[in-house]
Amino acid sequence: MFSAARTAVAGTIVIVALSSVLSFSALSDVARRSGVSIPVLWPLIVDGLILVATFAVVAVQGSRYAWTMLGSGAAVSIAGNILDAVMPEGQMPHQIAAVVAAVPPVALVAVTHLTVHLARHASATRHAASPTDEAVQWEPAEPLAPLEYEPAEQWPAGYASASSVAPWYGYDAPRDACTYSDDAEAVAPAPMPEPPAPPVEPRSAEPDTDEIPALVDPTREPRDVAEDLMRDTDLSNYAIAERVGVSEATVRRWRKALLIGGVASRQ
């Protein structure tokens, strides 16, 4: 069972085909009686203009030029069919023959301009669909805080074989620190004595009050305390963050705002 949409499409195709045949016959007769050298081409130009203008109206909605071309082509086709029915047999008057002869060049100019109009519209649509680099604004990400230390990865025991060790080394070692052998494979460094660890001075549990000022008023805002420490001391962001109880990134942002405010006040 055919649906309503398929029935409408099929009926449209049949009506277009029958109308085209009758219009082609009438317009060909008008072109022949007007003295056109190849009469069968004249109805193709007129009906072709109507077809192209119809597609342009669908592609570019609201285009006055496309609607003007569609109306003009339809008016010429209707007028040609009427003239073929009402005019007596024989040659057409000179005024009508002149209008019929002017239709092909006018249609050529109109269709060319319509094609340029469609190309500009398609180009503008593509540029609007794809944003440019200026339209996209990237927000800079806040840099990550550096690590206080980087753990070293230990090589597994027995990973490097004795055959892969070269008989010379890049550090100044005593001659008898390396064990040499007549075999090319048995070349391995002797264990080096570890240097003595530097003496560690005992640190008091309380910080030096002369170097780090204590918080006199604990009820103050952490940002105010942090800004005082930035102005009065040379403490790092980590030390200030630990004292006021915030993250290092927050202290870094406060320090940046403080520097910007100081530059603005000097200017």
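Residues numbered from 1 in each chain as written. Predicted model: local features only at pLDDT ≥ 70, side-chain atom pairs only at ≥ 80, totals over all residues. Heavy atoms only, no water.

Caption draft 1: Up close: the overall build of the protein. Helix and strand counts for the protein come out as seven helices and two strands. Moving toward the C terminus, one meets the helices and strands of the protein in the order α-α-α-α-β-β-α-α-α. Relative to its full complement of 267 residues, the protein shows a buried share of 19%. The contacts of the protein with a sequence gap of at least 6 include a subset with a gap of at least 24, amounting to 53%. (Helix = DSSP H or I, 4+ residues; strand = E, 2+ residues; numbered from the N terminus. Buried < 20%, exposed > 50% of the residue type's maximum accessible area, 1.4 Å probe, protein only. Contact = heavy atoms within 4.5 Å.)

Caption draft 2: Local environment of the side chain of Ser-34. In this fold, Ser-34 is placed in the loop between helix H1 (4-33) and helix H2 (41-59). Side-chain polar atoms of Ser-34 contact the backbone oxygen of Val-30, separated by 2.8 Å. Discounting chain neighbours no more than four positions away, the residues touching Ser-34 are Met-92, Ala-97 and Val-100. (Polar contact = N/O pair within 3.5 Å; in protein donor to acceptor, adjacent residues only side chain to side chain.)

Caption draft 3: Quick peek at the nonpolar core. If you look at the biggest cluster of nonpolar residues, it comprises ten residues: Val-225, Ala-226, Leu-229, Met-230, Leu-235, Ile-240, Ala-241, Val-244, Val-251 and Trp-254. Counting only elements with at least two residues in this core, the list comes to helix H5 (222-232), helix H6 (237-244) and helix H7 (248-266). Tallying contributions element by element places H5 first for this core, with four residues. Setting aside residues up to four positions removed in sequence, Val-244 forms contacts with Pro-222, Val-225 and Ala-226. In terms of nonpolar packing, the next biggest core, distinct from the first, is built from nine residues, Val-46, Ile-96, Val-100 and Val-103 among them. (Core = buried A, V, L, I, M, F, W, Y, C linked by side-chain atoms within 4.5 Å.)

Caption draft 4: Geometry of the pattern of salt bridges. In total, this model carries six salt bridges according to the counting rule given. Of the charged contacts in the structure, one is a salt bridge between Arg-32 and Asp-29, with a shortest N-O distance of 2.4 Å. In this pair, Arg-32 and Asp-29 are both assigned in helix H1, three residues apart and thus about one turn of the helix distant. In this structure, Glu-248 engages Arg-252 in a salt bridge whose closest nitrogen and oxygen atoms are separated by 2.7 Å. Taken together, the residues Glu-248 and Arg-252, both in helix H7 and four residues apart, mark about one turn of the helix. In the salt-bridge network here, residues are joined through shared partners; they are Asp-29, Arg-32, Arg-33 and Asp-84. (Salt bridge = Lys/Arg side-chain N within 4 Å of Asp/Glu carboxyl O.)

Caption draft 5: View of H1. In this model, H1 (30 residues) spans 43 Å end to end at C-alpha, consistent with the 44 Å of a helix rising 1.5 Å per residue. Turning to H1, its buried residues are Ser-23, Ala-26, Leu-27, Ser-28, Asp-29, Val-30, Ala-31 and Arg-33. Just beyond H1, the residue with positive phi is Gly-35, at close to 90°. (Expected span 1.5 Å × (residues − 1).)

Caption draft 6: Main features of a nonpolar patch on the surface. Together, Ile-38, Val-40, Leu-41 and Leu-44 give the surface a local cluster of nonpolar side chains, amounting to about 340 Å² of exposed area. Within the secondary structure, Leu-41 is located in helix H2. (Patch = residues over 30% accessible without salt bridge, like charges linked within 9 Å, V, L, I, M, F, W, Y side chains within 5 Å. Areas by Shrake-Rupley, 256 points an atom, 1.4 Å probe, with all protein chains shown as cover.)

Caption draft 7: Geometry of the packing of H1 against helix H3 (residues 64-86). Two elements in contact, H1 and H3, have axes separated by 9 Å at closest approach and are oriented at 70°. In terms of orientation, H1 and H3 fall into the roughly perpendicular class. Along its contact with H1, which presents Leu-22, Ser-23, Ala-26, Leu-27, Asp-29, Val-30 and Arg-33, the element H3 presents Ser-77, Gly-80, Asn-81 and Asp-84. (Axes fitted to C-alpha atoms, helices over the stretch in contact; angles between N-to-C directions. Parallel < 35°, antiparallel > 145°, perpendicular 65-115°, else oblique.)

Caption draft 8: Inspection of H3 at higher detail. Taking 1.5 Å of rise per residue, the 23 residues of H3 would be expected to cover 33 Å, and the 32 Å separating its terminal C-alpha atoms lies within 8% of that figure. Listing the buried residues of H3 in full gives Ala-66, Met-69, Leu-70, Gly-73, Ser-77 and Gly-80.

Caption draft 9: Region of interest: the environment of Pro-93. Note that Pro-93 resides in the loop between H3 and helix H4 (94-129). Residue classification places Pro-93 among the partly exposed residues on the basis of a relative accessible area of 32%. Sequence separation between Pro-93 and Ser-34 is 59 residues; the distance between their C-alpha atoms is 7.8 Å.

Caption draft 10: Up close: the confidence of the model for the protein. With 63% of its residues at a pLDDT of 70 or more, the protein has an overall mean of 75. Confidence scores differ between elements of the protein, with strand S1 (residues 178-179) showing the lowest mean pLDDT of 47 and H3 the highest of 91. This stretch, residues 158-173, has a pLDDT under 50; its non-local contacts, to residues over four places away or in other chains, come to 13 contacts. Low confidence marks residues 175-181, where pLDDT is under 50. Its contacts with residues over four positions away, or in another chain, come to eleven contacts. (pLDDT = per-residue confidence, 0-100.)

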